[in-house]
Amino acid sequence: MKKYSAQNPLLLTPGPVMVCDKVLKDLSKPVIPHRSQEFSAILESVYSNLKYVFQTQNNVFMFPSSGTGAMCAALENLINPNDKVLSLVCGVFGNRWVEIAQNRKADVHKIEVPYGKTITAEMTEDFLSKNKDTKIVTLTHCETSTGALNNVKEICSVIKKYNAISVVDGVSSIGSCECMQDDWGIDVLVSASQKGLGCPPGLGFLSANGKAWELYKKCQNRSYYFNWGYYQNAVENNSVPCTPAISLIRALDTALNIIKKEGIENLTARRKKYSQTLYHSLNDLGLEPLTLEPDTSPAVVAVKNEKSEEIREVMKKDFHIILAGGQAKLAGKIFRIGTLGDIKEDDIDYTLNSLEKTLQKI
């Protein structure tokens with residue numbers, strides 16, 4: 001296990017994450033022109049491997065943005081004013097879809113459950129059967145604010161049945177748990193670099209199928225910067241529509257090759273093992289998870305505790321472990337332990353031992 005310090009802490013937030021040395025090394029290489037043959041070869045590799053991690057035959061676009069930028073890229077190329085949109089909300093990021101859709105003047109409806117719970121296919125079908133004019137359904141796969149994992153496969157099957165477009169936030173699920181765009185019938189899937197892919201923040205991704213492209217063609221006021229058409233043409237020519245995050249893309253190439261070497265199935269199984277170890281150790285420590293099995297996410301475990309901020313402070317100061325706090329109405333009520341990035345089983349053991357000592361101290 002690595003030795004951690006104040007200058008080199010163990011970062012266990014659900015994004016950004018620990019980045020391996022090979023990926024970090026690529027960030028320090030000299031910048032190359034984005035219209036060069038050398039960079040085109042890197043893009044060819046990246047575009048191919050992104051299709052592998054998304055489990056899709058669709059092209060995957062790459063934006064110089066956060067995951068929220070990719071979310072904007074999704075809805076800003078699909079929605080016309082007054083289009084009926086259903087947003088499935090079980091946490092902070094589900095509500096982000098609502099805000100983006102409202103900004104495009106959509107007629108937004110919500111199915112919302114208490115934080116720590118998940119949306120079901122039955123809830124979705126109940127709404128869609130009564131609102132067959134719904135054009136788009138937004139949902140979050142892994143809700144990192146609560147540690148909940150929605151059953152996207154079942155929900156997308158219902159959405160397809162009612163001929164709506166599914167738009168899925170896979171920001172923290174790609175590279176952390178099974179997520180298969182084509183097999184599950186996900187119409188639009190977005191993600192980002194700083195979570196399951198093990199890269200620094202700064203890159204957003206989007207993949208859309210043919211059904212989504214038909215709706216794109218009907219969009220009256222498409223995004224300029226995030227316009228799918230520009231990126232589709234770029235991918236087909238191993239290029240980019242505008243100056244990209246060159247160093248990040250080079251680092252992403254290395255990260256994706258590492259994932260491919262391990263195998264996406266092996267990677268997601270390892271993440272699940274880490275999260276299960278954390279989850280099942282909480283009871284021994286006198287702690288309670290926010291989200292209960294079988295709805296738990298392999299990417300992050302959320303823990304209920306009214307002294308969560310004190311726990312985080314001691315973990316950081318005494319053991320050089322950085323945990324995430326609660327967001328919105330969960331602020332100060334939970335802390336979150338991420339299982340993504342360049343961490344090993346020893347790091348999970350170290351975290352649990354440190355957490356035990358922290359609780360004793362408090």
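Fair warning: this is a prediction, and the values are worked out from it, not measured in the lab.

Thresholds applied
Residues numbered from 1 in each chain as written. Predicted model: local features only at pLDDT ≥ 70, side-chain atom pairs only at ≥ 80, totals over all residues. Heavy atoms only, no water. Helix = DSSP H or I, 4+ residues; strand = E, 2+ residues; numbered from the N terminus. Rg over C-alpha atoms; globule rule 2.2 N^0.38 Å. Buried < 20%, exposed > 50% of the residue type's maximum accessible area, 1.4 Å probe, protein only. Contact = heavy atoms within 4.5 Å. Lys, Arg positive; Asp, Glu negative; His and termini not counted. Charge placed at Lys NZ, Arg CZ, Asp CG, Glu CD. Salt bridge = Lys/Arg side-chain N within 4 Å of Asp/Glu carboxyl O. Core = buried A, V, L, I, M, F, W, Y, C linked by side-chain atoms within 4.5 Å. Pairing = 2+ DSSP bridges. Polar contact = N/O pair within 3.5 Å; in protein donor to acceptor, adjacent residues only side chain to side chain. Disulfide = S-S within 2.5 Å. Axes fitted to C-alpha atoms, helices over the stretch in contact; angles between N-to-C directions. Phe/Tyr/Trp six-rings, centres within 6.5 Å; stacked < 30°, edge-to-face > 60°.

Student: Whenever I open this one, the overall build of the chain confuses me. Can you help?
Tutor: When you go through the chain residue by residue, the secondary structure sums to 13 helices and 15 strands. Compactness check: the chain gives a C-alpha radius of gyration of 20 Å against a globular reference of 21 Å for 362 residues, within 12% of the reference. With the principal axes as the frame, the chain shows a C-alpha extent of 60 × 55 × 30 Å. Here the chain, with 362 residues, has 59% of them falling under the buried criterion. Within the chain, contacts between residues separated by at least 24 positions form 72% of all contacts whose residues are at least 6 apart in sequence. Of the charged side chains in the chain, 42 are positive and 40 negative, and the gap between their average positions amounts to 3 Å.

Student: How should I be thinking about the pattern of salt bridges in this particular structure?
Tutor: If charged atoms from side chains of opposite charge come close, those side chains can pair. Within the structure shown, the criterion is met by 14 salt bridges. Residues Glu38 and Arg250 are paired through a salt bridge, measuring 3.4 Å at the closest nitrogen-oxygen approach. With Glu38 in helix H2 (residues 37–54) and Arg250 in helix H10 (residues 246–262), this pair connects stretches of sequence that are 212 residues apart. On the accessibility criterion, Arg250 (11% relative accessible area) is buried. Where Glu288 meets Lys304, a salt bridge forms, and the shortest distance between an N and an O atom there is 3.1 Å. Linking Glu288 in strand S11 (residues 288–289) with Lys304 in strand S12 (residues 300–304), this pair joins segments that are 16 residues apart in sequence. The class for Lys304 is partly exposed, based on a relative accessible area of 35%.

Student: Quick question: what am I supposed to make of the nonpolar core here?
Tutor: General note: in soluble globular proteins, nonpolar side chains tend to be found buried as a group. Formed by 87 residues in total, the largest nonpolar core has its most connected members in Met62, Val188, Leu206 and Trp228. Leaving out residues up to four positions away in the same chain, Val188 has contacts with Ala74, Leu78, Ile165, Ser166, Val167, Val168, Gln181, Leu206, Ser207, Ala208, Ala212 and Trp228.

Student: Can you walk me through the pairing of S12 in this structure?
Tutor: Summarising burial for S12: four of the five residues are buried, a large majority. One ladder, built from two bridges, connects S11 with S12; its direction is antiparallel. In the sheet register, Glu288 faces S12, and the bridge partner there is Lys304. With five bridges joining them, S12 and strand S15 (residues 334–338) adopt antiparallel strand pairing. Opposite Val301, over in S15, you have Ile337 as the bridge partner.

Student: In this structure, what is going on with the side chain of Ser354? I would like to understand it.
Tutor: Turning to its location among the elements, Ser354 is positioned in helix H13 (residues 345–361). Within the structure, Ser354 has its side chain in polar contact with the backbone oxygen of Tyr350 (distance 2.8 Å). Beyond its immediate chain neighbours, meaning those up to four positions away, Ser354 contacts Met315, Phe319 and Ile321.

Student: Which parts of the structure should I look at to understand the state of the cysteines?
Tutor: Formally, a disulfide is one covalent bond, and it connects the sulfur atom of one cysteine to the sulfur atom of another. If you walk through the whole model with that rule in mind, you get zero disulfides. As a non-bridged cysteine, Cys72 has Cys219 as the owner of its nearest cysteine sulfur, 13 Å distant. With no disulfide of its own, Cys242 has Cys72 as its nearest cysteine by sulfur position, at a separation of 15 Å.

Student: Hey, could you run me through the sheet that holds strand S5 (residues 136–140) in this one?
Tutor: By way of backbone hydrogen bonds, the strands of a sheet pair with one another, either parallel or antiparallel. Pairing in this open sheet of seven strands is mixed, and the strands run S2-S10-S9-S8-S5-S3-S4 from one edge to the other. Looking along the sheet, the strands with just one partner apiece sit at the ends: strand S2 (60–63) and strand S4 (107–112). Between one strand and the next, the sheet's axes are offset by a mean angle of 20°, whatever the strand orientation. Direction of pairing for strand S8 (residues 165–169) relative to strand S9 (residues 188–192): parallel, over a ladder of three bridges. Its bridge partner lying in S9, Val168 is registered against Leu189. Contacts between helix H4 (residues 92–103) and the sheet are confined to strand S3 (84–89), S4, S5, S8 and S9, with S3 contributing the most and set at about 160° to the helix.

Student: Honestly, the packing of aromatic side chains in this entry has me stumped. Any pointers?
Tutor: Two numbers describe a pair of aromatic rings. These are the distance of the centres and the angle of the planes. In the structure shown here, the tally under the stated rule is ten aromatic pairs. For the pair Phe61 and Trp213, a centre-to-centre distance of 6.2 Å together with 85° between the ring planes defines the contact as edge-to-face. Taken together, the residues span a long stretch of sequence, with Phe61 in strand S2 and Trp213 in helix H8 (residues 210–217) at a distance of 152 residues. With respect to burial, Phe61 and Trp213 carry one shared label: buried. Judged by centre distance (6.4 Å) and plane angle (35°), the ring pair of Phe61 and Tyr231 falls under tilted. Note that Phe61 is positioned in strand S2 and Tyr231 in helix H9 (residues 228–236), a separation of 170 residues in sequence. Taking the relative accessible area as the measure of exposure, Phe61 reaches 1% and is therefore buried. A connected cluster of aromatic rings, assembled from ring pairs, spans Phe61, Phe63, Trp213, Tyr216, Tyr225, Phe226, Trp228 and Tyr231.

Distances and angles like these do not, on their own, reveal function.
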